[in-house]
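Descriptive analysis of the structure
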2 protein chains.
Amino acid sequence: MATKVANQPLFPMPFPAMFFLLSIIFGFGITLSDAVSQTRHYTWEVEYMFWSPDCKENLVMGINGQFPGPTIRANVGDTVVVEMINKLSTEDVVIHWHGILQKGTPWADGTASISQCATNPGESFTYQFVVDKPGTYFYHGHLGMQRAAGLYGSLIVDPEEGEKEPFHYDEEINLLLSDWWHESILKQEIGLSSSPMRWIGEPQSILINGRGQSNCSIAAKYMNMKKMEQCKLSGSEQCAPFILEVKPNKIYRIRITSTTSLSALNFAIGKHKLLVVEADGNYVQPFLTSDIDIYSGESYSVLINTDQKPSENYWVSLGIRGRDPKTPPGLTILNYLPNPVSKLPTSPPPETPKWNDYDRSKNFTFQILAAMGSPKPPLKSTRRIFLLNTQNKMNGGYTKWAINNVSLALPSTPYLGAIKIGLNHTFDQNPPPETYPEDYDINKPPPNRNTITGNGVYRFQIGEIVDVVLQNANTLNDKHSEIHPWHLHGHDFWVLGYGEGKFSSAADETKLNLKNPPLRNTVVIFPFGWTVLRFVADNPGV
Amino acid sequence: MATKVANQPLFPMPFPAMFFLLSIIFGFGITLSDAVSQTRHYTWEVEYMFWSPDCKENLVMGINGQFPGPTIRANVGDTVVVEMINKLSTEDVVIHWHGILQKGTPWADGTASISQCATNPGESFTYQFVVDKPGTYFYHGHLGMQRAAGLYGSLIVDPEEGEKEPFHYDEEINLLLSDWWHESILKQEIGLSSSPMRWIGEPQSILINGRGQSNCSIAAKYMNMKKMEQCKLSGSEQCAPFILEVKPNKIYRIRITSTTSLSALNFAIGKHKLLVVEADGNYVQPFLTSDIDIYSGESYSVLINTDQKPSENYWVSLGIRGRDPKTPPGLTILNYLPNPVSKLPTSPPPETPKWNDYDRSKNFTFQILAAMGSPKPPLKSTRRIFLLNTQNKMNGGYTKWAINNVSLALPSTPYLGAIKIGLNHTFDQNPPPETYPEDYDINKPPPNRNTITGNGVYRFQIGEIVDVVLQNANTLNDKHSEIHPWHLHGHDFWVLGYGEGKFSSAADETKLNLKNPPLRNTVVIFPFGWTVLRFVADNPGV
């Protein structure tokens, strides 16, 4: 495996630094055998630890003393067993396996109050599920803001042994992206849920495999950065960048996953085109691009050809889109071996496109289409649900996001158990509204600012073909609407289309793509726009 | 009730400020009736909230939007019912009723892993117990460091209706003392349990009824304080001092309880002597003193006569003892009505005795003796347990306190339920050692620095008369031993004596006071010394 943290000093340190191999990121716990399917067993202790993700010491939620948590790697058909031991002192915890469908194991989805009671301090919970689709996935805490505390890691599924991916590559590199704040997640969370709301502000840093810099930049001398100093890193620091080591003239698959709390990111590599081949564990029609936008919860695989001048190194650059960025770019080096990593690229890092150039964002997103041979959607849906996405107030002062004017307040009894056993009193048996008022003006702040709370659920018959119209709208502020990613548990869905304004079944039906819509588990809605997705309710669970 | 937060501006603000009556501290939820015993019902929501206990905004763990939590007030024989609803997002919670014996209700003691499972987010737990002894008590969170987060309040038990206290007073004032850090409890806790340990440092402020000042002093202009500015407070701030309003020539009972995490405090009022009458809910032989030492978990009632010059106000002063103090004194005003509170005393606040003047500390403590008519201890014990109190290392690097070289590691199944049901596998059935090696030198750091962990329990037959010898020793640092308070749940105990060096049953037996030893629920051990206490095991529970 070629990728590891620098074993050469980073410029401008003049002497070789300690060798610090982060090979635990890859291959942890894997025992290869000839058997067609295996059980991959992991024992994880979740605990807080002091760590310096961006060169400033802070608390992170780690697993087995690692941050990010260990990478799970398995083949299609394998059973993953994770015994998670909660070593936190006062906090409960659960882990969600983002993108894993959990067919037959809805109890293992790892969502507090939905699929399970959260696991108490000192206790353990064993997740067990089959991975049935190759691709790039991740896992993360799904209680409170524990994901923002650092409880996440990669989950990579390879094809069955003997099977190949439908594209060739020589080596691969895995990048897990996140955003990081210096403020505790508790202050972040209580701030967001207080009246008046205390906004957490923009993240202090962007992390690549849990590594970033907030008080210096590795490209300061190449960029016109305000008061950002050139990093002095030996390479052995917890915040030393994760270096992408490559050999010349090879094809690399770079897996890129975003587990950010807030930030939409843009990823680019200087002088290298990216060939997008996978999105959320689904193959896409390959297309070349200079950079990709990646929203929280999404994953991509891109192929690069290391065919550039081999005597140079190149920047890997991450910037924020969709919000006026106040966070320094996340940077690291594509290191052509045997160049020393300290040999910085000759030109500045790729510049992130303007944060509010939404046309560019859409242009990228619209290129994502299913690869030939991908499953096609049913041509008609049997039910269509409209979800109007608004920012509201609750009880006079609290700021809440609402769907069709209902803000979810989770019940203390998990839905899955309640529904299986028939505990009808634990949540509202009336489903939430399936649409919003016809005359709602999405270009204005909500006329009724006050949302209600609710915990009702939509129920589907097995086999129902469901369209969900995600409808964006103006926030509480005039002429303001935000990009938001949406994720569906237990199902991939086809993204049938995107559009401006209010979706109209009459006028927009013909705009939907039923030919080669991409399958995803996460999708965005653009400001003042709509996104339509379709899924088959074929996986009993909640 | 005369005591409340200033309704007059505090010097040097020139104009009257908002009237801010903190009467909720007293009488909350009380409904008086003629019935002999009543049920006092409380419904509490525990949640984090932004608060400025010492003029710096921070998170506190509050109850029903209050900090400190509501005061419980009941009469002897009353049943207290507290339905506690956990409104925290990710944390479990329990509440311990410090000093309440819980006769017949050991399950209501509120100790996580001992008497109950901690209560999960979104769930509730109803505590129900009878208060059977008049006195000054308090309650606090008993999981992780939730007490240090601010989860505490007063619990005051009056005699049965129609009954009187054995001393006269006209009015009363209740003071709950605590220490406060700006760092989150999570960083404090993980810091203490990390290797290397990150010491939390001394508290930023001392709080009186949840109010203190860290960035200014109300007595700055009277004291030679380094860089401490004179406070500019109107009186309506959350950190404005809790003013002790009194009328001249009356007797006031001042109840003083310490729920500090670390600090031993000294309490004094300028020009007023204190007559100590109660300690931990037990009447003591009244004695006059200029100031009292109060350790975490202790409570006292003192009587003062407001017989000083009525045209003046007087300082109430709190300082730290037992540790080299780096915390500004806790200060407020004894406000002789109708003087304006802004009229500061003419002389400086009483000075706290030198932190390491242990002779003075002992002199105060030794004066605490049982009031005439108090229950006397049995003259002989049937069992004597020695508890050697050492600071150790664990697994090479972690700093732990240990008893007889065992550091408690709580089991995930609460002892009480495990023992009642007979789940013998949930904890070690072998009791911990009842003594320590005879040749142990308490004047030197532990020769074996490594402690083991354990979760065994001492078991007693009903009616056993138990002596506990609390033996202090040198910490890990040369020539260093610390004061520590010890608290026993479910029982008051007689404090039979204190001494220097190692307790010797042969030589020190005669020094024990069997005539009028005070009953307490909390007691200290002095540096390099011992304390012997005796209790009757008459309250089945854990």
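Below is a summary of the structure that appears in this document. (Residues numbered from 1 in each chain as written. Chains lettered and ligands numbered in written order. Predicted model: local features only at pLDDT ≥ 70, side-chain atom pairs only at ≥ 80, totals over all residues. Heavy atoms only, no water.)

1. A few points about the overall build of chain A
In terms of helices and strands, chain A carries four helices and 31 strands. Its C-alpha atoms give chain A a radius of gyration of 23 Å, near enough to 24 Å, the size a compact globule of 542 residues would have. With respect to the three principal axes, the spread of C-alpha positions in chain A is 65 × 55 × 50 Å. Within the span of chain A, comprising 542 residues, buried residues form 59% of the whole. Residue pairs at least 24 apart in sequence account for 78% of intrachain contacts in chain A once pairs closer than 6 positions are excluded. (Helix = DSSP H or I, 4+ residues; strand = E, 2+ residues; numbered from the N terminus. Rg over C-alpha atoms; globule rule 2.2 N^0.38 Å. Buried < 20%, exposed > 50% of the residue type's maximum accessible area, 1.4 Å probe, protein only. Contact = heavy atoms within 4.5 Å.)

2. Describing the side chain of Glu172(A)
Residue and element names in this part refer to chain A. Positionally, Glu-172 belongs in strand 9 (residues 171–180). Classification of Glu-172 by relative accessible area gives buried; the value is 7%. Of the polar contacts made by the side chain of Glu-172, one reaches the side chain of Arg-255; its length is 2.9 Å. (Polar contact = N/O pair within 3.5 Å; in protein donor to acceptor, adjacent residues only side chain to side chain.)

3. Points about the relation of the copies chain B and chain A
Once chain B is rotated about the relating axis by 180° and shifted along it by 0.0 Å, it coincides with chain A to within an RMSD of 0.0 Å. What we have between these two chains is a two-fold relation. Minimal C-alpha separation from the rotation axis in chain B is found for Glu91(B), amounting to 2.1 Å. A high fraction, 100%, of the interface residues of chain B reappear at the interface in chain A, so the copies pair face to face through one surface. (Least-squares fit on C-alpha atoms with pLDDT ≥ 70 in both.)

4. Re the pairing of strand 1 (residues 39–51) of chain A
Residue and element names in this part refer to chain A. As paired elements, strand 1 and strand 4 (residues 79–86) share eight bridges and run parallel to each other. In the strand pairing of strand 4, His-41 is matched with Val-81. Linking strand 1 back to strand 2 (residues 58–63) in an antiparallel pair, the connection comprises six residues, with Cys-55 at a positive phi of about 80°. (Pairing = 2+ DSSP bridges.)

5. Brief notes about unusual backbone geometry
Across the junction of Ser195(B) and Pro196(B), the peptide omega takes the value 0°, indicating a cis bond. Mapped onto the elements of the fold, Pro196(B) is located in the loop between helix 1 (185–192) and strand 10 (205–208). Note that the residue after Leu337(B), namely Pro338(B), is joined by a cis bond; omega there is 5°. For Pro338(B), the location among the structural elements is in the loop between strand 21 (330–336) and helix 2 (358–366). Unusually for a residue other than glycine, Asn249(A) sits at a positive phi of about 60°. Given the relative accessible area of 58%, Asn249(A) is considered exposed. Phi is positive for Lys479(A), which is not a glycine, with a value near 55°.

6. Some details on the interface of chain B and chain A
Facing 25 residues of chain B, the contacting portion of chain A comprises 25 residues. Ranking the residues of chain B by area buried against chain A places Phe50(B), Thr90(B) and Lys187(B) at the top, with a combined share of 26%. The salt bridge partner of Arg198(A) is Glu57(B), with a shortest N-O separation of 2.8 Å. Joining chain B to chain A, the criterion identifies nine residue pairs in polar contact (both at pLDDT 80 or more). Broken down by secondary-structure element, the contributors of at least two residues to the side of chain B that touches chain A are strand 1 (39–51), strand 2 (58–63) and helix 1 of chain B. The element that contributes the greatest number of residues to the side of chain B that touches chain A is helix 1 of chain B, accounting for five residues. Partitioning the side of chain B that touches chain A into residue classes produces eight nonpolar, 10 polar and seven charged. (Buried area = accessible area lost by both parts, 1.4 Å probe. Salt bridge = Lys/Arg side-chain N within 4 Å of Asp/Glu carboxyl O. Nonpolar A, V, L, I, M, F, W, Y, C, P; charged D, E, K, R; others polar.)

7. Section: the side chain of Asn474(B)
Residues and elements named next belong to chain B. Tracing the backbone shows Asn-474 in the loop between strand 26 (465–471) and strand 27 (484–487). A polar atom in the side chain of Asn-474 sits 2.6 Å from the backbone oxygen of Asn-477. Here the side chain of Asn-474 touches Lys-479 through a polar contact of 3.1 Å, landing on its backbone nitrogen.

8. A look at helix 1 (residues 185–192) of chain A
Turning to helix 1 of chain A, its buried residues are Ile185(A), Gln188(A), Glu189(A), Ile190(A) and Gly191(A). Along its buried surface, helix 1 of chain A packs onto strand 1 of chain A together with strand 1 and strand 2 of chain B.

9. Structural notes on the pattern of salt bridges
If you walk through the whole model with that rule in mind, you get 52 salt bridges over all chains. In this structure, Arg383(A) and Glu434(A) form a salt bridge, with 2.5 Å as the shortest nitrogen-oxygen distance. Here Glu434(A) lies in the loop between helix 3 (415–421) and strand 25 (452–454) and Arg383(A) lies in strand 22 (residues 383–394), a separation of 51 residues in the sequence. You can call Arg383(A) buried: its relative accessible area is 18%. Using a relative accessible area of 28% as the deciding quantity, one classes Glu434(A) as partly exposed. The shortest N-O distance in the salt bridge between Arg255(B) and Glu172(B) comes to 2.9 Å. Within this pair, whereas Arg255(B) is found in strand 14 (residues 251–258), its partner Glu172(B) is found in strand 9 (residues 171–180), the two being separated by 83 residues in sequence.

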